[in-house]
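What follows is the residue order along each chain.
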Amino acid sequence: MSAEDEVTRTVEDGVARIVFNRPEKRNALGPPQRERVIAFLAEAGAAVEVRAIVLAAVGRAFCAGGDLSGTGAAKAKVVGGTGPGVRSAQALIAAVLDCPKPVVAAVNGVAAGMGAQLALAADFVVASSRARFAELFITRGIVPDAGAAYLLPRILGLHTAKRLLLLGGDLSVADAERLGIVHQVVEPDELDAAAGALAARLAAGPTVAIGLAKRLLNQSLDSDRVAAFDREEMAVAMNVWTEDSAEGLRSFAEKRDPVFRGW
C-alpha cells in the first residue's frame, strides 16, 4: 500500500477528515506518512472551505507511534547528529498545534508515543471506551520524543508527566477523562458520529476568531502576562474586521442566532 492510500483526506461540509489507514501496523506512521499528514494539515489550514479538521484511524488503534521499520538505519542517523526521524515527529506535532483550524482527534484505541502526542496536540479529543494513551519510550530504552517533554507537563502537570515518561506508563480513557484530556467518551461504534458532530459544531463557528483564540491559548503557555496581553490586543484588532465579527454583533442586536461564514 502506498503512502497515498495509507493516509487519506476528504472534505465535506466544511470538515476535513484525515484518516490513518495502516491497521496492520496499528497505524504507526513513518516519515512518508507523517509528511502526508503535515501537508494535509497545511492545506486544510489555508483552505477557506475547511473550517474544522478530524484526525481519525482505521482499525483498533489510533496510532501506535512511529514506524520502527529499519530502526538500524534510523538509529545510525540519530547517533550521527542529524536525527531526521526526530525532527519529522516534531514537525508533525507542530503542524497540529500551529494549524489555524480547530483539530479534533477521534481516538479509537491505543495512542502510543508519537500517537499519544498527536492526539494530545489536538484541540479536542473524542475517545472510544477502549482508548488509552501510552508513553512507553523508557521501557524500550528510548528518550521520549515527538514533543512529549514539552506537551505533557503543560497538559498534565509536571509530576504526572514524570510518572508517565520516566516510569513508562499509560492512561486509561477514564483517567484521561478525569484529567480533562478527553472531551467526550463514547462507545466504539459511536466514535465517528461523535467526532463528526463536534467538528460540525466547530465548523459552524467563527473560524477566524476560533483560530486566533487557539493561537493565543497555545502561546500563553510560553509567555508572560505583558506579552500575552499584547498578542490578545493584536488578535482582537485583526478579528474585528471579519464578516463573522460583524455578524456576531448584528445577530446580538437583532436577538437571533448568528450565522457565521468562516471569514
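Thresholds, definitions, all that
- Just so you know, the residues in each chain are numbered from 1, in the order the chain's sequence is written.
- In view of the model being predicted, local features appear only for residues whose pLDDT reaches at least 70, and side-chain atom pairs are presented and counted only at 80 or more, with totals across whole chains, interfaces and linings using the full set of residues.
- The side-chain values count all of the structure's non-hydrogen atoms but skip hydrogen atoms and water molecules.
- Any two strands with at least two DSSP bridges between them are considered paired.
- In this text, helices come from DSSP runs of H or I with a minimum length of four residues, and strands from runs of E with a minimum of two, each type numbered from the N-terminal end.
- Fitted lines through C-alpha atoms give the axes, limited to the stretch in contact for helices. The angle between two N-to-C directions lies from 0 to 180 degrees.
- Without a salt bridge and with relative accessible area above 30%, a residue can belong to a patch; like charges are then joined within 9 Å and nonpolar side chains (Val, Leu, Ile, Met, Phe, Trp, Tyr) within 5 Å.
- Here the Shrake-Rupley method, with its probe set to 1.4 Å, supplies the accessible areas, and only the displayed protein chains count as covering residues.
- Any carboxyl oxygen of Asp or Glu within 4 Å of a side-chain nitrogen of Lys or Arg constitutes a salt bridge here.
- In summary, the charge assignment counts Lys and Arg as positive and Asp and Glu as negative, without counting His or the chain termini.
- Each charge is placed at NZ for Lys, CZ for Arg, CG for Asp and CD for Glu.
- Every definition here rests on a 1 Å grid over the protein atoms only: cavities are sets of points where a 1.4 Å probe fits but cannot get out, pockets are open sets enclosed by protein on both sides within 12 Å along at least five of seven lines, and lining residues have some atom within 4 Å of a point.
- Grid points are joined across faces, edges and corners, and a volume is the space filled by probe spheres set on the points.
- Residues are sorted three ways: Asp, Glu, Lys and Arg are charged, Ala, Val, Leu, Ile, Met, Phe, Trp, Tyr, Cys and Pro are nonpolar, and all the rest, Gly among them, are polar.

Novice: How should I be thinking about the sheet that holds strand β10 (residues 184–186) in this particular structure?
Specialist: Note on sheets: strands pair through backbone hydrogen bonds, and any given pair is parallel or antiparallel. Strand order across the open sheet formed by six strands is β1-β2-β3-β5-β7-β10, with mixed pairing between neighbours. In this open sheet, the two strands that pair with only one neighbour each are β1 (7–12) and β10. On average, each strand axis in the sheet is tilted by 20° relative to the strand beside it, whichever way the strands run. Of the strand pairs in this sheet, strand β7 (residues 124–128) and β10 are connected by three bridges, and their pairing is parallel. Bridge pairing links S128 to V186 in β10.

Novice: What am I meant to see in a negative patch on the surface here?
Specialist: Residues D224, D230, E232 and E233 make up a contiguous surface patch of negative charge. Of note, E232 is situated in helix α11 (residues 225–239).

Novice: Before we go on, may I ask you to explain empty space enclosed by the protein in this structure?
Specialist: Any empty space left between the atoms is revealed when a probe the size of a water molecule rolls over them. All told, the structure shown has one cavity of 30 Å³ or more when counted by the stated rule. Its volume calculated, the largest cavity comes out at about 30 Å³. Every residue along the wall of the largest cavity is listed here: A116, L120, F133, A134, E135, L152, L156, L164 and L171. Among the secondary structure elements, those contributing two or more residues to the lining of the largest cavity are α5 (114–121), β8 (132–134) and α6 (148–156). Looking at the lining of the largest cavity, its residues break down into eight nonpolar, no polar and one charged.

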